[in-house]
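Inside the fold
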Amino acid sequence: GSDDLLKKMKRRYLTQLYSNRIAKIKDVMPNAAIGVDVIVGFPGETEERFLETYSYLNSLPISYLHVFTYSERDNTEAVEMEGAVPIAERKKRNKMLRILSEKKKHEFYESQLGKTFPVLWEHENKEGMMYGFTENYVRVQKPYDVHSVNEIEWVELKKIESDGTVSVSPSFAAFLAGIN
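Described in the following lines is the structure provided in the data block. Note that the structure is predicted; figures quoted are calculated from it, not measured. (Residues numbered from 1 in each chain as written. Predicted model: local features only at pLDDT ≥ 70, side-chain atom pairs only at ≥ 80, totals over all residues. Heavy atoms only, no water.)

**A word on the packing of helix H3 (residues 47-59) against helix H4 (residues 87-112)**
Axis separation between H3 and H4 bottoms out at 11 Å; the angle between their running directions is 10 degrees. By the angle between their directions, the pair H3 and H4 is classed as roughly parallel. Mapping the contact onto sequence places Glu 47, Phe 50, Tyr 54, Leu 57, Asn 58 and Ser 59 in H3 and Glu 89, Arg 93, Met 96, Leu 97, Leu 100, Lys 103 and Lys 104 in H4. Classifying every residue of the contact of H3 with H4 by side-chain character gives 6 nonpolar, 2 polar and 5 charged. (Axes fitted to C-alpha atoms, helices over the stretch in contact; angles between N-to-C directions. Helix = DSSP H or I, 4+ residues; strand = E, 2+ residues; numbered from the N terminus. Parallel < 35°, antiparallel > 145°, perpendicular 65-115°, else oblique. Contact = heavy atoms within 4.5 Å. Nonpolar A, V, L, I, M, F, W, Y, C, P; charged D, E, K, R; others polar.)

The following block contains the structure:
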């Protein structure tokens with residue numbers, strides 16, 4: 001999220017291009033889940049640059065983050081760079097971005113409630129519940145039904161549960177719409 005750091009990392013893009021790509025995806029696929037990989041603690045990541053990254057990511061219509069903490073690697077240019085970020089600070093920043101990711105994911109899930117999607121149900125039975133993902137990566141749950149295992153079912157997204165999954169109800173109307 002910092003153009004200065006992206007240049008230091010020799011990335012072939014800057015924030016404006018990245019923002020434009022995300023806007024294009026959301027224009028073409030409004031319900032798309034967009035996950036973003038982020039590295040924290042790269043040499044030269046000052047508090048100001050980190051906060052710039054945090055604010056940038058917070059402003060984007062993304063769905064979740066994969067947060068990676070920079071670690072030194074022998075025989076790389078980065079290991080010789082000035083401005084090493086202390087390990088404790090890297091961990092703090094990682095935690096801040098993971099919390100932001102949970103917030104983004106919750107916001108995305110809320111935006112999907114009331115919509116219908118096909119779900120491929122997994123086989124695992126966890127305390128009487130089964131789980132799956134919608135085509136746009138919303139993790140959903142319903143009471144376990146052996147006949148639903150490895151089957152695709154149209155469902156309506158109803159409620160975000162305390163474990164972060166979304167409960168569903170069958171949607172016959174959505175099923176009919178999906179086959180037309």
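Here the narrative resumes.
**Re the sheet that holds strand E6 (residues 152-160)**
Read once around its circumference, the closed barrel built from 5 strands follows the order E3-E4-E5-E7-E6, with strand pairing classed as mixed. The mean angle between the axes of side-by-side strands here comes to 55 degrees, regardless of whether they run parallel or antiparallel. Pairing analysis gives 5 bridges linking strand E3 (residues 116-121) to E6, with the strands arranged antiparallel. Along E6, the bridge assignment pairs Leu 120 with Ile 152. (Pairing = 2+ DSSP bridges.)

**Concerning the environment of Tyr 144**
Structurally, Tyr 144 can be placed in the loop between strand E5 (139-143) and E6. A relative accessible area of 28% means that Tyr 144 is categorised as partly exposed. Separated by 143 residues in the primary sequence, Tyr 144 and Gly 1 have C-alpha atoms spaced 42 Å apart. With residues up to four places along the chain from it excluded, the contact list for Tyr 144 reads His 123, Glu 124, Asn 125, Gly 128, Met 129, Met 130 and Val 149. Separated by 3.5 Å, the side chain of Tyr 144 and the backbone oxygen of His 123 make a polar contact. (Buried < 20%, exposed > 50% of the residue type's maximum accessible area, 1.4 Å probe, protein only. Polar contact = N/O pair within 3.5 Å; in protein donor to acceptor, adjacent residues only side chain to side chain.)

**Focus on the packing of aromatic side chains**
According to the stated counting rule, one finds 6 aromatic pairs in the structure shown. For the pair Phe 50 and Tyr 54, a centre-to-centre distance of 6.4 Å together with 50 degrees between the ring planes defines the contact as tilted. You can see Phe 50 and its partner Tyr 54 sitting in helix H3, 4 residues apart, about one turn around the helix. Exposure remark for Phe 50: the relative accessible area of 1% places this residue in the buried category. Accessibility expressed as a relative area gives 24% for Tyr 54, which makes it partly exposed. An angle of 55 degrees between the planes, with centres 6.4 Å apart, marks the rings of Phe 108 and Tyr 109 as tilted. Tyr 109 matches Phe 108 in its accessibility class, with the two residues each being buried. Every member of this aromatic cluster is reached through a ring pair, and the members are Tyr 64, Phe 133 and Tyr 137. The aromatic ring of Tyr 131 is capped on one face by Lys 126, whose charged end is 5.8 Å from the ring centroid. (Phe/Tyr/Trp six-rings, centres within 6.5 Å; stacked < 30°, edge-to-face > 60°. Lys NZ or Arg CZ within 6 Å of the ring centre and 35° of its normal.)

**So, the pairing of strand E1 (residues 35-40)**
Burial along E1 is one-sided: the face carrying Val 36, Val 38 and Val 40 is buried and the face carrying Gly 35, Asp 37 and Ile 39 is not. Strand direction decides the pairing type here: E1 and strand E2 (residues 64-69), joined by 6 bridges, are parallel. Of the residues in E2, the one forming a bridge with Val 36 is Leu 65. A crossover links E1 with its parallel partner E2, the connecting element being H3, and its sense is right-handed. (Right-handed = clockwise from strand over helix to strand, strands pointing away.)

**With respect to H4**
Between its terminal C-alpha atoms H4 stretches 37 Å, which fits the 38 Å expected from 26 residues at 1.5 Å a residue. Following H4 by one or two positions, Gly 114 adopts a phi angle in the positive range, close to 90 degrees. (Expected span 1.5 Å × (residues − 1).)

**Thoughts on the pattern of salt bridges**
The final tally for this structure, using the stated rule, is 11 salt bridges. Ionic contacts of the salt-bridge type, sharing partners, join the residues Glu 45, Glu 47, Glu 89, Lys 92 and Arg 93 into one network. (Salt bridge = Lys/Arg side-chain N within 4 Å of Asp/Glu carboxyl O.)

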